[in-house]
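# Structure at a glance
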Amino acid sequence: MRRDAREVVFKILYSELFADSNEQLFVDLCAQAKLNEAEVEFAKDLLEKVRANKPMFDGIIGELADNYQLDRIYSTDKCAMYIGFAEIIFSKDVPYIVAIDEAVALCKKFSTQESVGFVNGIFAEYVKRNKIS
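Residues numbered from 1 in each chain as written. Predicted model: local features only at pLDDT ≥ 70, side-chain atom pairs only at ≥ 80, totals over all residues. Heavy atoms only, no water.

With that out of the way, let us pick up the nonpolar core. Ranked by internal contacts, the top residues of the largest apolar core, which has 45 residues, are Leu13, Phe26, Met81, Ile83, Phe85 and Phe123. It is helix α3 (residues 37–64) that provides the largest number of residues to this core, a total of 10 residues. Not counting residues up to four positions away in its chain, the partners in contact with Phe85 are Phe57, Ile60, Ile61, Leu64, Phe90, Ile122, Phe123 and Tyr126. (Core = buried A, V, L, I, M, F, W, Y, C linked by side-chain atoms within 4.5 Å. Buried < 20%, exposed > 50% of the residue type's maximum accessible area, 1.4 Å probe, protein only. Helix = DSSP H or I, 4+ residues; strand = E, 2+ residues; numbered from the N terminus. Contact = heavy atoms within 4.5 Å.)

Listed below in structure tokens is the structure:
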């Protein structure tokens, strides 16, 4: 399921905050999540999109997070938003509302209750400013 693939990507992104990229960790997490071949490819593609565009996503988050410095935003929230923005901007087969729901679900699972509202608010402002429908 793509949700499981997104969780793998989330875990990889979070781990990369503390250590260098580790291909074996990706393989192990995919196996642990029992991802099929298509889901592994989805996870790889999503991870590549996030890695290649993280500075752009930081700029978007920084611009939309009024009164918050980027370094004060929880790392878990940033990881979830990276995934959401990668899908909204670069994955045409994923409706934006699904991308937002999935990012918020990651916050519900891995962050705080306050983070859910914060992350949802960032995406709502992005959609509003970019007139996404």
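Turning our eyes to something else, we now look at helix α4 (residues 75–90). Counted at 1.5 Å a residue, the expected span for α4 with its 16 residues is 22 Å, and the 22 Å between its end C-alpha atoms agrees. With 14 of 16 residues buried, α4 lies mostly within the body of the structure. (Expected span 1.5 Å × (residues − 1).)

Summarising the element assignment, Glu39 is placed in helix α3. Sequence-wise, Glu39 and Ala5 are 34 residues apart; in three dimensions their C-alpha atoms are separated by 5.9 Å. Not counting chain neighbours up to four residues away, the residues in contact with Glu39 comprise Met1, Arg2, Ala5 and Lys34. Among the polar contacts listed, one links the side chain of Glu39 to the backbone nitrogen of Asn36, at a separation of 2.7 Å. (Polar contact = N/O pair within 3.5 Å; in protein donor to acceptor, adjacent residues only side chain to side chain.)

Side chains bearing opposite charge may pair, as long as their charged atoms lie close to each other. By the definition in use, this model includes 10 salt bridges. For the salt bridge of Arg51 with Glu16, the shortest nitrogen-to-oxygen distance reads 2.3 Å. Highlighted residues: Arg51 in helix α3 and Glu16 in the loop between α1 (2–15) and α2 (23–32), separated in sequence by 35 residues. Across the pair Asp45 and Lys49 runs a salt bridge whose closest N-O atoms are separated by 2.8 Å. Here Asp45 pairs with Lys49, and both are found in helix α3, just four residues apart, close to one helical turn. On the accessibility criterion, Lys49 (17% relative accessible area) is buried. Via salt bridges that share partners, Arg3, Arg6, Glu87 and Glu102 belong to a single interconnected network. (Salt bridge = Lys/Arg side-chain N within 4 Å of Asp/Glu carboxyl O.)

One pass over the structure, following the stated rule, counts eight aromatic pairs. Pairing Phe57 with Phe90 gives two aromatic rings, centres 6.4 Å apart and planes at 55°, and the pair type is tilted. Separated by 33 residues along the polypeptide, Phe57 in helix α3 and Phe90 in helix α4 bring together distant segments of the chain. On the basis of relative accessible area, Phe57 is assigned to the buried category, the value being 0%. The partly exposed category is assigned to Phe90, whose relative accessible area is 34%. Their ring planes at 45° and their centres at 4.7 Å tell us that Phe85 and Phe123 sit as a pair that is tilted. Placement of the pair is Phe85 in helix α4 and Phe123 in helix α6 (residues 113–129), with a sequence separation of 38 residues. Across the pair, Phe123 and Phe85 agree in class, each one buried. Each member of the aromatic cluster is reached from another via a ring pair, and the members are Phe57, Tyr82, Phe85, Phe90, Phe123 and Tyr126. (Phe/Tyr/Trp six-rings, centres within 6.5 Å; stacked < 30°, edge-to-face > 60°.)

When two helices pack together, their arrangement is given by the angle between the helix axes and by the axis-to-axis distance. Between α4 and α6, whose axes approach to 11 Å, the crossing angle comes to 30°. Our classification of the angle between α4 and α6 gives roughly parallel. Seen from above, α4 lies across α6 with right-handed handedness. Counted together, Asp77, Met81, Gly84, Phe85, Ile88 and Ile89 of α4 and Ser115, Phe118, Val119, Ile122, Phe123 and Tyr126 of α6 form the full contact between these two elements. Of the residues belonging to the contact of α4 with α6, the class tally is nine nonpolar, two polar and one charged. (Axes fitted to C-alpha atoms, helices over the stretch in contact; angles between N-to-C directions. Parallel < 35°, antiparallel > 145°, perpendicular 65-115°, else oblique. Left-handed = near helix turned anticlockwise from the far one by under 90°. Nonpolar A, V, L, I, M, F, W, Y, C, P; charged D, E, K, R; others polar.)

Functional significance is not addressed by these values, which are geometric in nature.
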